[in-house]
Amino acid sequence: MNSSQATATRVSGSSKKLLSSIRKIATSFAVILTTLFGLLVITFVIGRLVPADPVIAAIGDQADQATYERVYKEMGLDRPLYEQFGTYLVNVVQLDFGQSHITKNTVSSDLARVFPATIELATLATIIGAGLGVPLGVVSAVRKGTWVDHLGRVVGLMGYSTPIFWLGTIVILVFYAKFGLIPGGGRIDIYNEGLVEGPTGSLLLDSVLAGEWEVFLSALHHVIAPALILGYAAMAYLSRMSRSFMLEQLRQEYILTARAKGLGQRAVVWRHAFRNIRVQLLTVVALAYCGLLDGTVLIETVFAWPGLGQYLTSALFFADMNAVLGSVLLIGLISIAINLLSDIVYRFIDPRTR
Amino acid sequence: MMKNGSFTTLHNWLISEDFTSSRQARLHKAYVAWLGLLANPLAFTGFLVVLGLIVVAIVAPAITSYSPYDQDLSRALQPLSWQHWFGTDEFGRDVYTRLVYGARTTLYISILVTLIVAPIGFMIGAMSGYLGGWVDVVLMRITDIFLSFPSLVLALAFSASLGPGIENAVIAIALTVWPPIARLARAETLTFRNADFVVAAELQGAGMMRILLRHIVPLCAPSVVVRLTLNMSSIILTAAGLGFLGLGAQPPMPEWGAMAASGRQYLLDAWWLTTIPGIAILIVSLAFNLLGDGLRDILDPRNG
Amino acid sequence: MADLKETILSVENMSVEFPTLSGVVTAVRDVSFNVGREKVGIIGESGSGKSTAGRAIMRLQPPHALVKAKRMQFEDVDLLKASEQQMLSIRGRRIAMILQDPKYSLNPVMTVGEQISETVILHEHVSKKEARSRTLAMLERVNIRDPQRVFDLYPHEVSGGMGQRIMISMMLIASPSLIIADEPTSALDVTVRQQVLSILDELVMERNIGLLFISHDLNLVRSFCDRVIIMYAGQIVETIAAADLDNARHPYTRGLLNALPSLEHPRDRLDVLRRDPAWLENRS
């Protein structure tokens, strides 16, 4: 094959690859759109299932019949369901989630305020969980059957089975009430509150960027307990998964080849086997992140962490359906976004999908 | 293990592999699985705990001397003692009694959810795998949509809109638990979909339902059972979470999560109110996980 | 002409045992043979222990297996007493192993070139650039055209025959003196087998090294190797020069030969190999 022929085949080959890439991206897009749509249908249905009368929730039960009917029409409740859904869709796209009758703000402004705190907590917890869990799982697999393996599995199993709100409460009982080592809740102490309004929304990062070390230390002091607890739950899951992935790889023939080449254990495990599980790990880390969003709802309540979870639970307590739905929708959107992100990175890492 | 007399004959009959009837073959399989369970101490412990839970729930009145509902404010917030093994709560009710009756609530929720989810999830998944085509695409999209919500949040949202109460909590939890079962059923069905024996049945004129029920269900059963057992643990945790947030079982009904929640206010003075129910949740959840893990090792030896 | 007198590998009374729940399973029992600068074939059916024996020589047996021998000498190294550290420097550099199916024996997420270079970087500590040029040279040596392009390919992008040639490159690039080939052509199309075999043959002759060729295909081995070792149920039943195979004495070997169809001596019915339990007791 001379060089000009080689170039010709290479060009048509790469344009074919481009076409299939575009097709794949378009399919992903369609999938995401349908998922989003489904999400909205579900939240809409949840909103309509409420046995409480939304009109009365808005105007109280003392109002007279005329006001009732007026507000009824205003809220669009007399329109057919599909029209109501349409209005709902339009509102959502414009980020209008209605108004919260407790805080008196729009739900979207409330959400914008609380959501960075949750992201900070969930991200930190995922980093802790992955940083501890993955090596633990790998070591467990490599030393299968030894005490390290058994210990790792028991620790993991406990993490799976512990009710996270209970663990949080116990930690507060022991480390705050008994030993005074950690604060009783909140994101930062009152002296340092509001001192740093940074670009990222993460108090830790913003205070470092602004050079405010006292703020940083206080923020760290407050975040460490909830992040470690959530991180523990993530670690349990991730160590279990990485152990299972690793075991599967160590059974493969190419591991024997690597050993036959004269590679030592460390190179075999990390340069060969680990490279093959990176993609699967990515998927489960994304899943762990979404699972943590569940955990934050409970942990934020226990630690009075001013995030999405606490907002949701107080909205539930006060039957503020707009706020509840807005939060639920946002959490669903975050889940989808995380999965999409992991999908994209996956495409880059795995040579088999290129 | 020494077995003497009639046990030995029975044991040998069950162990032998020359089957004279399909009933013997089935009993043999069950017996071998049972032996496998006995050989795995962790899984067996889990099994015993689960069994214990069921027994406790059934004989609750027999093992408690107080009523879970009677209030006596003069005896509120008492620490652990011989009269009150786990102390009393803020209304003077015996915590141990409420814990025991709470086992009933826990079992009620878990069993009900499983009874709803198993057939529905399985049917959706199996039909999806069997029929393929647009039915598969649509059903899987729906499953994915439900999967894209973190389960507690979705259960929360449904629970909130349906209103508090234990039946609504069951429905809400069931709505979050069915997707993984459907996925599993679909994957298993796809494995067997084009097997020769299925095609043979189709040629004989068997319809979809018959094939699914008589041929595919028995083959999928082991992995579905394992998954359901493992799921019990998360059902219990979700139910406790809902209880903690005030949804689900309403007072005065004893429910472990709700007990832990109401105990928070008195955390510093009466630590047992929150700690003890939490330990109960932990133990039961752990037991189901151990049992599920053990079952998986027995029934599905691929996953070592 | 290869110098047959110098023994590279000497194995005396090697056994490999696996502890199982129902007792000890002996996969390889009291096996003795020598390999010089020649091609020695080990023939056996599945379960005869041939692959296990091959791996035991390189101390790559499964973790719970127990290897015992009176003597296992490779050139100047006592393989029984060598530490794992020593074995790491021997594997890939002085003894190499070629596995059966490149679909599974190559790392799917590393480029082919990277995997080959890894061997030479590991043992000779050369720079990446130097390793790359050595790899390209090796790829050309195994008749791969356009080695620059192939260097950056992933294992799933190459054909079976090319994959095996890549495996050969990877294992021979550091110039070992003994190759253990475990069914190197069994996963290949018949048309491709000969190409791979001739490359292996050229390399072995040119470098004047030893080859231990493990296979189940008697026909293949008799035309390719100098000597043949027949294994059955973990034991060696016969050792014979390939040219003398027709005069083989052990009934198992004769059974194998009689089961082969032949153009020169056509028969109406081929014999079915009958296994005599007495062979399990025999020692050759």
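Remember, it's a predicted structure, so these values are computed and weren't measured experimentally.

## Here we look at the overall build of chain C
Piece 1. What chain C contains, in helices and strands, is ten helices and eleven strands.
Piece 2. Here the C-alpha atoms of chain C give a radius of gyration of 19 Å, agreeing with the 19 Å that 2.2 N^0.38 yields for 284 residues.
Piece 3. Structurally, chain C occupies a C-alpha span of about 60 × 45 × 40 Å along its principal axes.
Piece 4. Per-residue burial over chain C gives 42% buried out of 284 residues.
Piece 5. Within chain C, contacts between residues separated by at least 24 positions form 69% of all contacts whose residues are at least 6 apart in sequence.

## Details of the overall build of chain B
Piece 1. Summing up its helical and strand segments, chain B has twelve helices and zero strands in all.
Piece 2. Starting at the N terminus, the α and β elements of chain B follow one another as α-α-α-α-α-α-α-α-α-α-α-α.
Piece 3. For chain B, the spread of C-alpha atoms along the three principal axes comes to 75 × 60 × 30 Å.
Piece 4. Looking at chain B as a whole, 43% of its 304 residues are labelled buried.

## Observations regarding the interface of chain B and chain A
Piece 1. Each partner contributes residues to the interface: chain B has 38 residues there, and chain A has 39 residues.
Piece 2. For the side of chain B that touches chain A, the secondary-structure elements that each account for two or more residues are α6 (133–147), α7 (151–162), α10 (208–244) and α12 (272–299) of chain B.
Piece 3. Considering only residue class, the side of chain B that touches chain A consists of 22 nonpolar, 13 polar and three charged.

## Quick notes on the packing of helix α4 (residues 112–124) of chain C against helix α7 (residues 160–172) of chain C
All names here are of chain C.
Piece 1. Interaxial distance between α4 and α7 falls to 7 Å at its minimum, and their mutual angle equals 25°. In terms of orientation, α4 lies roughly parallel with respect to α7. Side by side, α4 and α7 meet where V112, Q115, I116 and T119 of the first sit next to I166, S169 and M170 of the second.

## So, the sheet that holds strand β11 (residues 235–241) of chain C
All names here are of chain C.
Piece 1. Strand order in the open sheet formed by six strands is β7-β8-β9-β3-β10-β11, and the pairing between neighbours is mixed. The sheet is open, and its two edges are formed by β7 (95–98) and β11, each paired on a single side. Each adjacent strand pair in this sheet contributes to an overall mean axis angle of 15°, direction not counted.
Piece 2. Across five bridges, strand β3 (residues 39–43) lies against strand β9 (residues 210–215) in parallel orientation. Within the sheet, the bridge partner assigned to I42 lies in β9 and is I214.
Piece 3. Along the sheet face, α7 touches β7 and β8 (178–182) and points at about 170° away from the line of β7.

## Some remarks on the nonpolar core
Piece 1. Formed by 230 residues in total, the largest nonpolar core has its most connected members in L238(A), V324(A), V153(B), L156(B), I173(B) and I179(C).
Piece 2. If you tally residues by element for this core, the top one is helix α11 (residues 265–303) of chain A, at 19 residues.
Piece 3. Sequence-distant contacts of L238(A), defined by excluding residues within four places in its chain, comprise G129(A), A130(A), G133(A), V134(A), G137(A), V284(A), V285(A) and A288(A).

## Quick look at α10(B)
All names here are of chain B.
Piece 1. The end-to-end C-alpha separation of α10 is 44 Å, well short of the 54 Å expected for 37 residues at 1.5 Å each.
Piece 2. Largest kink in α10: about 55°, centred on V217, with the proline P218 one to four residues after it.
Piece 3. One or two steps after α10, the chain reaches G246, where phi turns positive at roughly 90°.

## Some remarks on the interface of chain C and chain A
By a frequent convention, interface size equals the accessible area lost on bringing the separate parts together.
Piece 1. Each partner contributes to the interface: chain C provides 22 residues, whereas chain A provides 16 residues.
Piece 2. Those elements that place two or more of their residues in the side of chain C that touches chain A are α2 (84–90), α3 (102–105) and α4 of chain C.
Piece 3. Taken together, the residues of the side of chain C that touches chain A break down into twelve nonpolar, seven polar and three charged.

## A short note on the arrangement of the chains
Piece 1. Contacts are most numerous, across the two pairs of chains in contact, for chains A and B.
Piece 2. Across the gap from chain B to chain C, with no contact made, the nearest C-alpha atoms are 13 Å apart.

## Re the confidence of the model for chain C
Piece 1. Averaged over every residue, the pLDDT of chain C is 88; residues scoring 70 or more account for 96%.
Piece 2. Model confidence for the complex is summarised by a pTM of 0.83, with the ipTM given as 0.90.

## Details of the pairing of β9(C)
Residues and elements named next belong to chain C.
Piece 1. Within β9, six of the six residues are buried, which leaves it mostly tucked inside the rest of the structure.
Piece 2. Residues of β9 alternate between two faces, with G210, L212 and I214 on one and L211, F213 and S215 on the opposite face, all of them buried.
Piece 3. Bridge count for β8 against β9 is five bridges, and the pairing is parallel. Note on β9: the bridge partner recorded for D182 is I214.
Piece 4. The β-α-β motif built from β8, the intervening helix α8 (residues 190–207) and the parallel element β9 has right-handed crossover chirality.

## Comments concerning helix α11 (residues 256–263) of chain B
Piece 1. The buried fraction of α11(B) is high, at seven of eight residues.
Piece 2. Where α11(B) is concerned, the buried positions are W256(B), G257(B), A258(B), M259(B), A260(B), A261(B) and G263(B).
Piece 3. Where the residues of α11(B) are buried, they touch α7 (164–178) of chain A together with α5 (95–131), α10 and α12 of chain B.

## A word on the packing of helix α8 (residues 166–193) of chain B against α10(B)
Residue and element names in this part refer to chain B.
Piece 1. Where α8 contacts α10, the two axes come as close as 9 Å, and the packing angle between them is 155°. Taken together, the axis directions place α8 and α10 in an arrangement best described as roughly antiparallel. In this structure, α8 crosses over α10, and the sense of that crossing is right-handed. Contact with α8, carried on its side by A169, I173, V177, P180, I181, L184, A185, E188, T189 and F192, involves I216, L219, C220, S223, V224, R227, N231, I235, T238, A239 and L242 of α10 and no other residues of that element.
Piece 2. Tallied by class, the residues present in the contact of α8 with α10 amount to 15 nonpolar, four polar and two charged.

The rules behind the values
Residues numbered from 1 in each chain as written. Chains lettered and ligands numbered in written order. Predicted model: local features only at pLDDT ≥ 70, side-chain atom pairs only at ≥ 80, totals over all residues. Helix = DSSP H or I, 4+ residues; strand = E, 2+ residues; numbered from the N terminus. Rg over C-alpha atoms; globule rule 2.2 N^0.38 Å. Buried ≥ 20, exposed ≤ 12 C-beta atoms within 10 Å, placed from the backbone. Contact = placed C-beta atoms within 7 Å. Nonpolar A, V, L, I, M, F, W, Y, C, P; charged D, E, K, R; others polar. Axes fitted to C-alpha atoms, helices over the stretch in contact; angles between N-to-C directions. Parallel < 35°, antiparallel > 145°, perpendicular 65-115°, else oblique. Pairing = 2+ DSSP bridges. Core = buried A, V, L, I, M, F, W, Y, C linked by C-beta atoms within 7 Å. Expected span 1.5 Å × (residues − 1). Bend = angle between axes of the 7 residues up to and from the residue. pLDDT = per-residue confidence, 0-100. Right-handed = clockwise from strand over helix to strand, strands pointing away. Left-handed = near helix turned anticlockwise from the far one by under 90°.

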